[in-house]
Amino acid sequence: MSVFPAVPVVRREDFAPEVVCEVYELGSHRRTPAAVKELTSRQVTIGRMMSTGAKDAAIARDLGLSLRTVRAEISALIAGLGAKSRFQAGCLLVRRFG
């Protein structure tokens, strides 16, 4: 018998991306979004897949691209959004495109 109270399992699906992004932004130092450069449709598609938790290899396979191309597009996406990390790029995409 455990002395610790039972804790319900928390799943990623239980949280809306907007809520996760809001919590992240509350803890970050950036309060206003950076100026966004135009993104290609491929970058937006990759960003949406990335924000669902898809790995680079899975994105490459699903889109019929090389892993190197996907990683280059992710780097361009992060730079284009003015993000500091993959996670922040995903949050900014959720905010911009829903």
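Before going into details, it helps to say that this report is about the structure given with it. Keep in mind that what you see is a predicted model, and the values were worked out from it rather than measured.

This paragraph deals with the packing of helix α2 (residues 41–51) against helix α4 (residues 67–81). Relative orientation of the contacting elements α2 and α4 amounts to 95 degrees, with a least axis distance of 9 Å. Judged by the angle between their axes, α2 and α4 are roughly perpendicular. Residues R42, Q43, I46, G47 and M50 of α2 lie in contact with α4, whose contacting residues are T69, V70, E73, I74, A76 and L77.

A few words now on helix α5 (residues 86–97). Between its first and last C-alpha atoms α5 spans 16 Å; for twelve residues at 1.5 Å apiece the expected length is 16 Å, and the two agree. By the burial criterion, the buried members of α5 are Q88, A89, G90, C91, L92, L93 and V94.

This part is about the pattern of salt bridges. It is possible for side chains of opposite charge to pair when their charged atoms get near one another. Evaluated as defined, the whole model comprises three salt bridges. The closest approach of N and O atoms between E73 and R42, which form a salt bridge, is 3.3 Å. Separated by 31 residues along the polypeptide, E73 in helix α4 and R42 in helix α2 bring together distant segments of the chain. With a relative accessible area of 15%, E73 lands in the buried category. Across the salt bridge formed by D56 and R86, the nearest N and O atoms sit 3.0 Å from each other. In this pair, D56 sits in helix α3 (residues 56–63) while R86 sits in helix α5, placing the two residues 30 residues apart along the sequence. Taking the relative accessible area as the measure of exposure, R86 reaches 35% and is therefore partly exposed. One salt-bridge network, in which partners are shared between bridges, spans D56, R71 and R86.

To continue, consider the side chain of Q88. Within the element layout of this structure, Q88 appears in helix α5. Side-chain polar atoms of Q88 contact the backbone nitrogen of K84, separated by 2.8 Å.

Turning our attention to α4. End to end, α4 covers 21 Å across 15 residues, agreeing with the expected 21 Å (1.5 Å per residue, within 8%). Listed as buried for α4 are V70, E73, I74, L77, I78, G80 and L81. Seen from one end, α4 has its buried residues packed into an arc of 165 degrees, which puts them on one side. Structural note: α4 exposes R68 and A79 on the side pointing more than 90 degrees away from its buried face. Against the buried residues of α4 lie α2, α3 and α5. G82, located one to two residues past α4, shows a positive phi value of around 75 degrees.

How each quantity is defined
- Residues numbered from 1 in each chain as written.
- Predicted model: local features only at pLDDT ≥ 70, side-chain atom pairs only at ≥ 80, totals over all residues.
- Heavy atoms only, no water.
- Axes fitted to C-alpha atoms, helices over the stretch in contact; angles between N-to-C directions.
- Helix = DSSP H or I, 4+ residues; strand = E, 2+ residues; numbered from the N terminus.
- Parallel < 35°, antiparallel > 145°, perpendicular 65-115°, else oblique.
- Contact = heavy atoms within 4.5 Å.
- Expected span 1.5 Å × (residues − 1).
- Buried < 20%, exposed > 50% of the residue type's maximum accessible area, 1.4 Å probe, protein only.
- Salt bridge = Lys/Arg side-chain N within 4 Å of Asp/Glu carboxyl O.
- Polar contact = N/O pair within 3.5 Å; in protein donor to acceptor, adjacent residues only side chain to side chain.
- Arc of directions from axis to C-beta.

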